[in-house]
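Topology and contacts: notes
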Amino acid sequence: MLKILVTGGLGFIGSHTVVELQQAGFDVVIIDNCSNASEAVLDGIVAITGIRPEFVRMDLRDKAGVADFFSQHPDLGGVIHFAASKAVGESVEKPLLYYENNITTLVYLLAQLTALPKAHFIFSSSCTVYGQADEMPITEDAPVKPAESPYGNTKQIGEEIIRDACHVHPALQAISLRYFNPIGAHPSAKIGELPLGVPQNLVPFITQTAAGIRKELSVFGDDYPTPDGTCIRDYIHVVDLARAHVVALQRLLEGKNPGNYEVFNVGTGTGSSVLEAIQSFERVSGTPLNYKITGRRAGDITTAYADTTRANTVLGWKAQSSLDDAMRTAWAWEQQIRGL
Ligand code: WQD
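From a predicted model like this one, the values you see are computed outputs, not experimental measurements.

This part is about the nonpolar core. Core analysis: the largest hydrophobic core is formed by 40 residues, its most contacted members being L10, L21, I30, I122, L177 and W317. Looking at this core element by element, the count peaks at eight residues for helix 8 (residues 238-253). Among residues more than four places away in sequence, those in contact with I30 are L5, V6, G9, L10, V18, L42, I45, P53, E54, F55 and V56. Counting 25 residues, the second largest nonpolar core, distinct from the first, contains I31, L60, V79 and V263.

Set out below in structure tokens:
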């Protein structure tokens with residue numbers, strides 16, 4: 001079986017991608033520094049697939065460690081790179097931490113990959129590179145705007161680094177996947193989102209409020225120029241997102257990519273407002289949610305949802321789950337981890 005390195009493979013999207021890779025017949029090795037995820041996630045993966053991935057606890061800022069890893073794993077069929085810091089607010093407070101962790105580690109990985117006779121690389125990027133796009137739905141050709149946060153800037157810079165490396169190393173075959181808003185959990189409720197501390201993102205805050213862990217959800221503003229006044233996002237089920245990584249990797253392995261660097265939006269193509277997300281939760285859970293409208297959150301954009309034409313027709317991937325499907329799994333996961 002082809003061995004695939006998944007960095008950040010204990011994380012929310014990473015762990016779901018490990019499951020899909022294993023179920024697609026790949027052998028997986030995970031590198032994770034456990035700064036934002038627990039090694040116990042491995043038990044969840046095993047509970048689903050019956051296969052325990054090789055796990056290396058390491059910080060990718062350890063340049064020598066990264067080099068040692070690659071010398072010990074000369075047979076890697078590909079790398080899917082999730083490991084990064086991803087809290088927008090924290091990145092504003094600690095920019096140097098974000099540039100060191102998100103950029104340096106990418107350079108160290110690429111330095112190893114470009115020394116190989118052939119390398120296949122999938123990069124975890126984000127719709128945040130578009131900022132507030134001028135037109136909806138957002139295509140991959142929409143202009144990349146000045147980043148709203150150091151986190152978003154690390155994704156923009158990361159894409160440029162990969163593009164420049166691919167330009168001089170034709171043996172490096174890479175795809176950047178620009179995620180929209182990943183939500184939900186594996187239908188088995190064995191893995192899911194485990195935000196540390198107070199959730200920054202909407203859906204885990206919704207489920208923790210319903211579980212009684214949070215008193216009430218604050219809806220950050222209902223005075224936006226949208227039908228119901230709340231912000232619109234493209235909420236994509238994390239399993240759909242995970243499967244997009246397997247499809248992208250297979251595209252590279254099968255040499256279906258005409259050029260050696262491509263970018264794809266990964267979303268559902270449907271926008272949903274915050275109030276619609278709340279209504280979805282209430283519908284699937286049968287639980288009224290305690291929320292209040294408060295002021296806007298700094299840095300929030302009004303609307304973002306994907307044009308998925310290129311992902312659907314070129315990559316050959318399409319999201320299968322609806323907002324309700326995703327919300328249902330998010331709630332089942334929250335109930336499972338809280339013993340509700
Ligand atoms: C969604 C909507 C909030 C919390 C961020 C990153 C993005 C990606 C996904 C990593 C917004 C509203 C939220 C709350 C609320 N992360 N909201 N009350 O900001 O679209 O995207 O996470 O890649 O890069 O920017 O996601 O879930 O934080 O917010 O009203 O308690 O929910 O204002 O409109 P966001 P989010």
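Read on for the rest.
On to the domain arrangement of the chain. One can read the domain layout of the chain as domain 1 (3-183 + 235-266) and domain 2 (202-233 + 269-306 + 321-335). Look at where the C-alpha atoms of domain 1 and domain 2 centre, and you get two points 26 Å apart. With 13 residues of domain 1 at the interface, the matching set in domain 2 holds 18 residues. Contact between domain 1 and domain 2 buries roughly 1,400 Å² in total, counting both sides, with carbon and sulfur atoms accounting for 66%. On the domain 1 side of the interface with domain 2, the three residues burying the most area are I183, Y235 and H237, jointly 46% of the side's total. For the pair domain 1 and domain 2, the number of links is zero salt bridges. Put simply, domain 1 and domain 2 have five residue pairs in polar contact (both at pLDDT 80 or more) between them. For the side of domain 1 that touches domain 2, the secondary-structure elements that each account for two or more residues are strand 7 (181-183) and strand 10 (235-237).

Neighbouring residues of the ligand: 18 residues in total, closest Y151, L202, S218, R233 and D300. Taking N201, its side chain carries an N or O atom lying 3.0 Å from an oxygen atom of the ligand. For the ligand, the protein covers 90% of the area, taking 680 Å² as the surface of the free molecule. Ranked by the residues each element gives to the shell around the ligand, the list is headed by strand 8 (residues 217-220), at four residues. Looking at the shell around the ligand residue by residue, the classes come out as nine nonpolar, six polar and three charged.

The rules behind these values
Residues numbered from 1 in each chain as written. Predicted model: local features only at pLDDT ≥ 70, side-chain atom pairs only at ≥ 80, totals over all residues. Heavy atoms only, no water. Core = buried A, V, L, I, M, F, W, Y, C linked by side-chain atoms within 4.5 Å. Buried < 20%, exposed > 50% of the residue type's maximum accessible area, 1.4 Å probe, protein only. Helix = DSSP H or I, 4+ residues; strand = E, 2+ residues; numbered from the N terminus. Contact = heavy atoms within 4.5 Å. Domains from an automatic or database assignment. Buried area = accessible area lost by both parts, 1.4 Å probe. Salt bridge = Lys/Arg side-chain N within 4 Å of Asp/Glu carboxyl O. Polar contact = N/O pair within 3.5 Å; in protein donor to acceptor, adjacent residues only side chain to side chain. Near = heavy atom within 4 Å. Areas by Shrake-Rupley, 256 points an atom, 1.4 Å probe, with all protein chains shown as cover. Nonpolar A, V, L, I, M, F, W, Y, C, P; charged D, E, K, R; others polar.

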